[in-house]
Amino acid sequence: MLFPSRALRRALSFLSLTLLGTLLFSTAAQALILKAEDEVFFNEYVTQDVYLAGGTITVQQDIEGDLYVAGGNITLNGVVSGDLFVVGGNVVVNREVKDDVRVVGGSLSLNAKVGGDLVVVGGNVDVQKDVVVEGDMVMVFAMDPEEPGHDVRARMYSPGINVAEDPATGSACAALGG
C-alpha cells in the first residue's frame, strides 16, 4: 500500500509550518542577521545565526552559527558550523555543514560532508559519491507526478554506512506502508 497523497501533503505542510515556527520563534532569544530580498548574495563572516529569504540566494562566506534559508534557488559555498535549515526549490551544498541539515524542498545536491543528520522531505536528492553523512539515515519521499499510477517516490540514503542508495526496495518503503 502506498502512502496516500493527501496524507503526504499534510505531512509536508506540517513540516513546513514547524520549520517556519522554529525560524520565527527562535529569533527573539538570539542575535541574528536577517535579509529578505529577491536576490541575496551573502558574503559576510558571522558568529551568529543567519536568516535569509529570496528568489535566488548565494552564501559565499562561513557562518559560525545556524543558517535558516527560504528561497527558490539556494547555493551554499561557505562552511556552516551549526545547523542548516532550508525551505526551497533547488538547493546546492558545496561546503561542509558541521551539524544537521534539514531540507523541505524540490531538490538537494549534496557535494560536501554533513557532520550530523541529513533529513530531506520532498523532491529529489543527489549525494555525490565521496560525500559523508555522519549522522542518521536519510528518508526521502515525494509526490511522483512524472509517473502515472505512482503516488510516491521514495529513496533511502546513508553514505555514512556505505549505502549509496536503496531505491525503494525495502527499508525506504517501510515507513510508507500502512
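Right, let's walk through the structure included here. (Residues numbered from 1 in each chain as written. Predicted model: local features only at pLDDT ≥ 70, side-chain atom pairs only at ≥ 80, totals over all residues. Heavy atoms only, no water.)

1. What about the nonpolar core?
The condition that has to hold: Buried Ala, Val, Leu, Ile, Met, Phe, Trp, Tyr and Cys residues form a nonpolar core when they are joined through side-chain atoms within 4.5 Å. Throughout this description, buried means an accessible area under 20% of the type-specific maximum (1.4 Å probe, protein chains only), exposed means over 50%, and partly exposed covers the range between. Counting from the N terminus, the helices are the DSSP runs of H or I reaching at least four residues and the strands are the DSSP runs of E reaching at least two. In this description, contact between two residues means that some pair of their heavy atoms is separated by no more than 4.5 Å.
Residues L67 and L84 are the most contacted members of the largest nonpolar core, which totals 30 residues. Elements with a contribution of two residues or more to this core: β2 (39-42), β3 (49-59), β4 (67-76), β5 (84-93), β6 (101-110), β7 (118-121) and β8 (124-127). Excluding residues that lie within four positions of it along the chain, L67 makes contacts with V50, L52, V59, L76, V80, D83, L84 and F85.

2. Brief notes about the packing of aromatic side chains
Put simply, the test is: The aromatic pairing rule takes the rings of Phe, Tyr and Trp, using the six-membered ring of Trp, and pairs them if the centres are within 6.5 Å, calling planes under 30 degrees apart stacked, those over 60 edge-to-face and the rest tilted.
Here the structure, examined in full by the defined rule, presents two aromatic pairs. On the basis of an interplanar angle of 5° and a centroid distance of 4.5 Å, the ring pair of Y51 and Y68 is categorised as stacked. Of this pair, Y51 sits in strand β3 while Y68 sits in strand β4, and the two are 17 residues apart along the sequence. Y68 matches Y51 in its accessibility class, with the two residues each being buried. Centroid distance Y68 to F85: 4.7 Å. Interplanar angle 5°. Geometry classified as stacked.

3. Here we look at the pairing of β3
Going by this rule: Here the rule is simple: two strands pair whenever DSSP picks up at least two bridges between them.
The buried fraction of β3 is high, at eight of 11 residues. Across nine bridges, the pairing between β3 and β4 is parallel. Residue pairing across strands places L52 opposite V69, the latter belonging to β4.

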